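Descriptive analysis of the structure
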Amino acid sequence: MTNYTQSPIEPKKSNFLYQNRIFSTVNTTSPKYFLCFVPLLVLVSLEGRAQLGFCTGSSGDPIFTEDFGSGTVDGPELPPGTTTYNFTTGTPNDGDYTISSTTNYFDWQNVQDHTPGDTNGKAFIVNASFTAGEFYQRAVTGLCENTTYEFSSWLINLQSTGGCDGNNIPINVRYQIWDETDTNLLAQGDTGNIQAMTTAAWQQFALVFQTLPGQTSVILKMRNNSNGGCGNDLAIDDIVFKSCGDSVSVATDQAEDFIVTCENQGVVGATLVANPDNSIFSTHAYQWQESTDNQVWTDVPGETSNTFTTPLINSTRFYRVKVAEDPINVSNDLCNVLSDVFEINIVAIPPPPTSNGDVSVCENETATLTVDSADIYSVNWYDAPTGGNLLLENNREFSPTEAGTFYAEANSSEVDCPSATRTAVTLTFNPLPQVFDSTETFCEGDTAMLSAEIDNVSYTWSTGETTRDISVNAPGEYTVTVTDSNGCSSTRTIKLDQIDAPKLDTIESEGRSIIITTQNTGDFEYSLDGSSFQDSPIFEAVTGGPYTISIRDKTNCGIVTTDYLHIFVPNFFTPNGDTSNDFLIPEGIESFNNVELSIYDRYGKLLKFGSGTNASWDGNFLGAPMPESDYWYRIKLDTLVRTGHFTLKR
């Protein structure tokens, strides 16, 4: 194992810390170079040459790529002169290399190659020699003279942080670009120390250089700045060369980035201005191009300045400009860069929407009118075929609350460009069948006929029946839903109340009054003879005797009739010989077979006992007039017994 030694080239400037693609220009006497890298690294400026950096302008498509292929068999060996290291198809020891889809050697981390989408992709795997020095070089041809390029590659430290007892030699690679004679160093830069990581990660590094006049190829070299031993084990993949130039934007002389207009506005043109950011080129040569589809481009003859006035056009066109630092390179796509694309978009008038049909709904429903139109268009609704009021924007559905004809118009989502006509869609609200709720009655014990009271519709009752009229025998709430030929429905509710027949409770005589009570309440009327009725259940000043009591409901929902004997014993009598009220005579006892009358004073002394036609009292006891006072009676009528009291007045 050898110890790590510092690169033999000592830094001439202090170290600088950079992170996450922060660019810093290093001023040198060589052509322009830039510093940039993705991971956190410490880089130094060496020998006045530029350090690593990405193209800060516009990069073209790759003109050279080396991804070392794919497969499960190691190799093939690099061409002679590419490296001084030894090729092996087994485990690469110090000073060896292999081309393999695995890095599962020693205690290295086993990682996949970097190339996206590769299956069993390979990488260039290097176990550094004990002596620092060059381990890779190759010529890159097909370049353009006086042109700036970006070289980049991906690199990974295969060691883990626990390897070599934590004393890993870091990897440190110097990239160099030489001219085709291998005598002029065009650019170089160091990665700086890349330490082992817990989980190995690919890192990309880049170097920007410029070819010399008359030069069309360069030589790429890679050098180990550290000696080998325990550590300094790396893999390299995806070596790429791209042209590098200014980032060029295009706008109109009115500072517009694009133009969008409707074809009904007529022809349109613009003066375009190319605006390079001068990040790479010191001089600029131009060639404007035109395309109808943004895919196939053709040069516009004679348009080689930074401004270009387009012809008047009535269909969409795309414009861009090729830019190179040297006029000799502007037509070579390996040497130029392309500007942003400027679009003059002539939006075609959209076709009117397609109606999904007029809509007819019931007046209690929500109606939705719909049309179809391509997704690239918006749809607006109006209340007139032209002009009118905008009712709803950007919706293929519209739910009016009133009937009528409404008009859908398609429009571009890019610019105001309405369809030439609007599509009419009509909404009709059908009236609901007219029904009315009601409260109805029926007599206890009867059946009730309920009716929907509307014809030429279908019926659905809450009882499950489907006829116009139904018969029921129980009180409650019944509903019927009627549906007409338009499918519109209304519901009629019928509250059915039962009228109970009167139920007699008691009949009592109080003096000359007859008082009737019932067990239930209702709109009843009362009669003593079955023909003359009154609302009051109390009959006053009634002569004692037999009566036929009738109670009937005023709506003819039942009548109850019973016989009643009204017995009247006067409250007082005046036996003074004036022939008026001289005797106590009970009324209403004539129909009884056995009648007995007993009169008592307040002490319970029997003063009179009479029977039959002798059931009366003249106010005397043993021929002597009794004094004014209250007296008591007991009257027995067959098996009926009545008691009470009265007053004797003189």
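Named according to an unreviewed UniProt entry, the protein chain is T9SS type B sorting domain-containing protein originating from Maribacter flavus.

**Points about the overall build of the protein chain**
A count of helical and extended segments in the protein chain gives zero helices and 52 strands. Burial status across the protein chain gives 46% buried among its 650 residues. For the protein chain, the proportion of contacts with a sequence separation of at least 24, taken over those separated by at least 6, is 63%. Accessible area for the protein chain stands at about 31500 Å²; split by element, carbon and sulfur atoms hold 46% of it. Taking the average place of the 31 positive charges on the side chains of the protein chain and the average place of its 82 negative ones, the gap between the two points comes to 11 Å.

**Focus: the pairing of strand 27 (residues 369-372)**
Alternating residues of strand 27 divide into Leu369 and Val371, all buried, and Thr370 and Asp372, none buried. Bridge analysis of strand 25 (residues 354-355) against strand 27 gives two bridges, and the strand direction is antiparallel. By the bridge assignment, Ser355 is partnered in strand 27 with Val371. The sheet contact formed by strand 27 and strand 30 (residues 397-398) spans two bridges and is antiparallel. Bridge assignment links Leu369 to a residue of strand 30, and that residue is Phe398.

**Some words on the state of the cysteines**
Here a disulfide denotes a covalent bond joining the sulfur atom of one cysteine to the sulfur atom of another. Throughout the structure, instances matching the rule amount to six disulfides. Across the disulfide from Cys144 sits Cys335; the S-S distance is 1.1 Å. Judged by the torsion about the S-S bond (-55°), the Cys144/Cys335 disulfide is left-handed. Residue Cys144 is found in the loop between strand 9 (133-140) and strand 10 (148-157), and its partner Cys335 is found in the loop between strand 22 (317-324) and strand 23 (337-338); the two are separated by 191 residues along the sequence.

**Quick look at a negative patch on the surface**
On the surface, Asp253, Glu256, Asp257 and Asp340 cluster together into a negatively charged patch. Within the element layout of this structure, Asp340 appears in the loop between strand 23 and strand 24 (342-347). Classification of Asp340 by relative accessible area gives partly exposed; the value is 43%.

**Observations regarding the domain arrangement of the protein chain**
Often, the extent of an interface is quoted as the loss of accessible area on bringing the components together. Each domain of the protein chain was delimited in the assignment, giving domain 1 (58-245), domain 2 (248-347), domain 3 (354-430), domain 4 (438-499), domain 5 (504-566) and domain 6 (572-648). Computed over C-alpha atoms, the centres of domain 1 and domain 2 are 39 Å apart. Here domain 1 and domain 2 share an interface that buries about 1000 Å² over both sides, 57% of which is from carbon and sulfur atoms. Broken down residue by residue, the surface that domain 1 buries against domain 2 is led by Cys144, Asn146 and Gly245, which jointly contribute 37%. Taken together, the connections running from domain 1 to domain 2 amount to zero salt bridges. Where the side of domain 1 that touches domain 2 is concerned, the elements lending two or more residues are strand 5 (58-66), strand 10 and strand 15 (233-245). If one sorts the elements of the side of domain 1 that touches domain 2 by residue count, strand 15 sits on top with three residues.

**Overview of the packing of aromatic side chains**
Note on aromatic pairs: each is described by the distance of the centres and the angle between the planes. One pass over the structure, following the stated rule, counts 23 aromatic pairs. By way of ring pairs, the aromatic residues Phe68, Tyr85, Phe87, Tyr97, Phe124, Phe135 and Tyr136 are connected into one cluster. Between Lys221 and the ring centre of Trp178, over which it is positioned, the NZ or CZ distance is 4.7 Å. Just above the ring of Tyr382 sits the side chain of Arg422; from NZ or CZ to the centre is 3.6 Å.

**Remarks on the UniProt feature "domain: Ig-like" (unreviewed entry) in the protein chain**
With numbering aligned to this structure, UniProt lists the feature "domain: Ig-like" (unreviewed entry) at residues 350-431. Segment residues 350-431 splits into 0% helix and 46% strand. End C-alpha atoms: 38 Å apart.

**A look at the sheet that holds strand 32 (residues 423-430)**
The mixed open sheet is built from five strands, whose spatial order is 26-32-31-28-29. One side of each edge strand has no neighbouring strand; the edge strands of this open sheet are strand 26 (359-362) and strand 29 (390-392). The sheet shows a mean angle of 35° between the axes of neighbouring strands, taken without regard to direction. Bridge count for strand 28 (residues 377-382) against strand 31 (residues 404-412) is six bridges, and the pairing is antiparallel. Paired with Ser378 across the bridge in strand 31 is Asn411.

**Observations concerning the side chain of Asn172**
Along the chain, Asn172 turns up in the loop between strand 10 and strand 11 (173-179). In this structure the side chain of Asn172 is engaged in a polar contact, spanning 2.9 Å, whose partner is the side chain of Asn193. Apart from the residues lying within four places of it in its own chain, the contact partners of Asn172 are Asp190, Thr191, Gly192, Asn193, Arg223, Asn224, Asn225, Ser226 and Asn232.

**Notes on the nonpolar core**
In this structure, Phe124, Phe135, Phe151, Met222, Ile239 and Phe241 are the most contacted members of the largest nonpolar core, which totals 36 residues. The leading source of residues in this core is strand 15, at four residues. In this view, Met222 contacts Glu134, Phe135, Tyr136, Phe151, Val173, Arg174, Tyr175, Ile236 and Ile239; residues no more than four positions away in its chain are not counted.

**Some words on the side chain of Asp484**
Turning to its location among the elements, Asp484 is positioned in the loop between strand 37 (476-483) and strand 38 (489-499). Buried Asp484, no salt bridge; nearest opposite-charge side chain is Arg468, N-O distance 15 Å. At 3.0 Å, the side chain of Asp484 forms a polar contact with the backbone nitrogen of Asn486. Here Asp484 is in contact with Pro431, Pro433 and Val457, once residues within four sequence places are set aside.

**Comments concerning the environment of Asn227**
Within the secondary structure, Asn227 is located in the loop between strand 14 (218-224) and strand 15. On a C-alpha basis, the gap between Asn227 and Ala200 in space is 21 Å, while along the polypeptide they are 27 residues apart. At 2.6 Å, the side chain of Asn227 forms a polar contact with the backbone nitrogen of Ala132.

Procedures and definitions
Residues numbered from 1 in each chain as written. Predicted model: local features only at pLDDT ≥ 70, side-chain atom pairs only at ≥ 80, totals over all residues. Heavy atoms only, no water. Helix = DSSP H or I, 4+ residues; strand = E, 2+ residues; numbered from the N terminus. Buried < 20%, exposed > 50% of the residue type's maximum accessible area, 1.4 Å probe, protein only. Contact = heavy atoms within 4.5 Å. Areas by Shrake-Rupley, 256 points an atom, 1.4 Å probe, with all protein chains shown as cover. Lys, Arg positive; Asp, Glu negative; His and termini not counted. Charge placed at Lys NZ, Arg CZ, Asp CG, Glu CD. Pairing = 2+ DSSP bridges. Disulfide = S-S within 2.5 Å. Patch = residues over 30% accessible without salt bridge, like charges linked within 9 Å, V, L, I, M, F, W, Y side chains within 5 Å. Salt bridge = Lys/Arg side-chain N within 4 Å of Asp/Glu carboxyl O. Domains from an automatic or database assignment. Buried area = accessible area lost by both parts, 1.4 Å probe. Phe/Tyr/Trp six-rings, centres within 6.5 Å; stacked < 30°, edge-to-face > 60°. Lys NZ or Arg CZ within 6 Å of the ring centre and 35° of its normal. UniProt positions renumbered as here; feature names shortened; annotations may be inferred. Axes fitted to C-alpha atoms, helices over the stretch in contact; angles between N-to-C directions. Polar contact = N/O pair within 3.5 Å; in protein donor to acceptor, adjacent residues only side chain to side chain. Core = buried A, V, L, I, M, F, W, Y, C linked by side-chain atoms within 4.5 Å.

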